[in-house]
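Listed below, chain by chain, are the residues.
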Amino acid sequence: MSQFDYIKDIAKYGLENDQEKLLTVLNELIEHSKSTKKLNFAIQLQSILKDSFRLQKHNSLTKVGGDQYFSRLEDKEVSDLILEKITSDYTLSNIVIEDKVKLELEFFIEEHHRLDLLQQFNLPVSNKLLLHGPSGCGKTLASYVIAGELKKMMIVINLGAIVSSKLGETSKNLSKIFKKAALEDCIIFLDEFDSIGKIRDYSQDHGEMKRVVNTILQLFDYLPQSSIVIAATNQKDMLDDALLRRFDNIITFSLPTENEIKELVNLTLKDGNFAFKNKSEANKIIKDCKGLSYYSIQKTLINAIKKSLFATCGHSKSLITYIDTTIWKNLISIEKDSLNI
Ligand SMILES: Nc1ncnc2c1ncn2[C@@H]1O[C@H](COP(=O)(O)OP(=O)(O)OP(=O)(O)O)[C@@H](O)[C@H]1O
Ligand SMILES: [Mg+2]
């Protein structure tokens, strides 16, 4: 598209009062101006957009009374996209992660605990986090930990639903959810973030899909500093660079090492009701677990605990139930077979 085409579209959508399309075209024009080296023009346009966004936010906060505003947003389409709205009691002690990742999470949490201090010195706050890595390695859990540590509600958005829902409505609904989250001071969790990338593979109207991606880009660009967006994916490669660039922090989760598996086992057994009698046998099985996710290992261990409990319940005089290592070993080998590991 040439600059004239963008101007024609801007005139059209402006006169039709179609805010959403107007914003999309303005953003496309900003990108176009950047790529054709009209940087000054792009910056000016961007600041016009930012000013208008601030004004809109101010008006919506002052004009419409709190509760009334929330209830207006609680429409069916919005709730279709919201998978759940949760509060969380999880803390950093509930997750096993490598030290480097732990430090990153702690720093992110501290930034939001000390938001006032950062704002006092005009320092930017990281508020867009991408978590990626294999399935069952703690991405969703980490988002719960952040919500729990910051004592904030979290809105979990089902991005997978976008693909099947009416795409035309999606941009509008996402904007509503982001506004709602900012007003209610909730964290937004965009699970299966790669669905955004996958959308392009579907044989649906390409323009509409581009619009969804553009909306997300805009929402990220104008996200208030106190809002937090966490996105999770196990297919980072599906995301294009424009999206990846928007994140302040990208944190990688990995399959557990032998030490981390030991930590996971200790965490799972921390209540002290269950234990291994034969520690060296347990350590051998832990070595066998290599290649499995935290989720798979914990699942097999909990199943072994249940089976051991059923087998001994009523017969054992001890307060502790000992876990039958043969059962756990078998479950691990079945899990590995089913996953071709
Ligand atoms: N790093 C971890 N530390 C402790 N427990 C973990 C960890 N990772 C996973 N688990 C256990 O496995 C469960 C599932 O993990 P989680 O949902 O966080 O995985 P995920 O990385 O989001 O996977 P997916 O990509 O499939 O969504 C957790 O609720 C927890 O019980
Ligand atoms: Mg998950």
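Residues numbered from 1 in each chain as written. Chains lettered and ligands numbered in written order. Predicted model: local features only at pLDDT ≥ 70, side-chain atom pairs only at ≥ 80, totals over all residues.

A.B. asks: Explain the overall build of the protein to me, using residue names and the numbers behind them.
C.D. replies: When helices and strands are counted, the protein shows 17 helices and eight strands. In the protein, which comprises 341 residues, the proportion classed as buried is 29%. (Helix = DSSP H or I, 4+ residues; strand = E, 2+ residues; numbered from the N terminus. Buried ≥ 20, exposed ≤ 12 C-beta atoms within 10 Å, placed from the backbone.)

A.B. asks: Which residues make up the site of ligand 1, and what values go with them?
C.D. replies: Close contacts around ligand 1 come from 17 residues, with S135, G138, T140, L141 and Y294 the closest. Looking at the shell around ligand 1, the elements that each hand over two or more residues are α8 (139-150) and α16 (294-312). Among the residues forming the shell around ligand 1, the class breakdown is ten nonpolar, six polar and one charged. Each of two domains, domain 2 (86-252) and domain 3 (258-338), supplies a minimum of three residues to the shell around ligand 1. (Near = placed C-beta within 6 Å. Nonpolar A, V, L, I, M, F, W, Y, C, P; charged D, E, K, R; others polar. Domains from an automatic or database assignment.)

A.B. asks: I'd love a proper account of the nonpolar core, names of residues and values included.
C.D. replies: Within the largest apolar cluster, 59 residues are counted, with the highest numbers of intra-cluster contacts made by I155, I187, I188, F189 and I230. Top contributing element to this core by residue count: α8, with six residues. Those residues within four positions of I187 in sequence are excluded, and the remaining contacts are I146, A147, K152, M154, I228 and I230. (Core = buried A, V, L, I, M, F, W, Y, C linked by C-beta atoms within 7 Å. Contact = placed C-beta atoms within 7 Å.)

A.B. asks: Give me the environment of V265: which residues, what numbers.
C.D. replies: The topology assignment puts V265 in helix α14 (residues 258-268). Of the residues examined, V265 has 22 C-beta atoms within 10 Å and is grouped as buried. V265 sits 37 residues away from I302 along the chain, and the two C-alpha atoms are 9.8 Å apart. In this view, V265 contacts I286 and L301; residues no more than four positions away in its chain are not counted.

A.B. asks: How would you sum up the packing of helix α6 (residues 99-113) against α8? Please name residues and give values.
C.D. replies: In contact at an axis separation of 10 Å, α6 and α8 are set at 35° when each is read in the N-to-C sense. Considering how the two elements wind past one another, α6 and α8 form a crossing that is right-handed. Counted together, L105, F108, I109 and H112 of α6 and A142, I146, E149 and L150 of α8 form the full contact between these two elements. (Axes fitted to C-alpha atoms, helices over the stretch in contact; angles between N-to-C directions. Left-handed = near helix turned anticlockwise from the far one by under 90°.)

A.B. asks: Outline the pairing of strand β2 (residues 128-132), listing residues and values.
C.D. replies: Burial within β2 is extensive, with four of its five residues counted as buried. Across five bridges, the pairing between β2 and strand β5 (residues 228-233) is parallel. By the bridge assignment, H132 is partnered in β5 with T233. The sheet contact formed by β2 and strand β6 (residues 249-252) spans four bridges and is parallel. Residue pairing across strands places L130 opposite I250, the latter belonging to β6. (Pairing = 2+ DSSP bridges.)

A.B. asks: I'd love a proper account of the environment of L22, names of residues and values included.
C.D. replies: Secondary-structure assignment places L22 in helix α2 (residues 19-35). Overall, the presence of 18 C-beta atoms within 10 Å leaves L22 in the partly exposed class. Sequence-wise, L22 and Y6 are 16 residues apart; in three dimensions their C-alpha atoms are separated by 9.9 Å. Dropping the residues within four chain positions of it, L22 is found in contact with I10, Y13 and G14.

A.B. asks: Describe α14, with residues and values.
C.D. replies: When α14 is considered as a whole, its buried residues turn out to be I261, L264 and V265. In an axial view of α14, the angular spread of the buried residues amounts to 100°, which keeps them on one side of the axis. Exposed residues lying more than 90 degrees from the buried face of α14 are N259 and N266. The elements touched by buried residues of α14 are α15 (279-288) and α16. (Arc of directions from axis to C-beta.)

A.B. asks: Describe in detail the pairing of β5, supporting the description with residues and values.
C.D. replies: Working note: regular strand, side chains alternate between the two faces of the sheet. Summarising burial for β5: six of the six residues are buried, a large majority. Both faces of β5 are covered, namely the face carrying I228, I230 and A232 and the face carrying V229, A231 and T233. Relative to β5, strand β4 (residues 187-191) is paired through four bridges, and the arrangement is parallel. For F189, the partnering residue across the bridge sits in β5 and is I230.

A.B. asks: Can you break down unusual backbone geometry residue by residue, with the values?
C.D. replies: The backbone of D185 shows a phi angle near 55°, a positive value even though the residue is not glycine. On the secondary structure map, D185 appears in the loop between α10 (167-184) and β4. What makes D185 partly exposed here is the crowd of 13 C-beta atoms within 10 Å. If you check the backbone angles, N340 has positive phi at about 60° while not being a glycine.

A.B. asks: Kindly report on the confidence of the model for the protein, identifying the contributing residues and their values.
C.D. replies: Here the protein averages 84 in pLDDT, and 82% of its residues register 70 or above. Predicted confidence for residues 57-75 stays below pLDDT 50, and this span has eight contacts to residues more than four positions away or in other chains. (pLDDT = per-residue confidence, 0-100.)

A.B. asks: Give me the lowdown on the packing of α16 against helix α17 (residues 325-338), citing residues and values where you can.
C.D. replies: Each pair of packed helices gets described by two things: the angle between the helix axes and the distance between those axes. The contact between α16 and α17 brings their axes to 9 Å, and the two run at 145°. Considering how the two elements wind past one another, α16 and α17 form a crossing that is right-handed. Residues S296, T300, L301, N303, A304, K307 and S308 of α16 form the contact with α17, whose own contacting residues are I327, W328, L331, I332 and E335. A class-by-class count of the residues in the contact of α16 with α17 yields six nonpolar, four polar and two charged.

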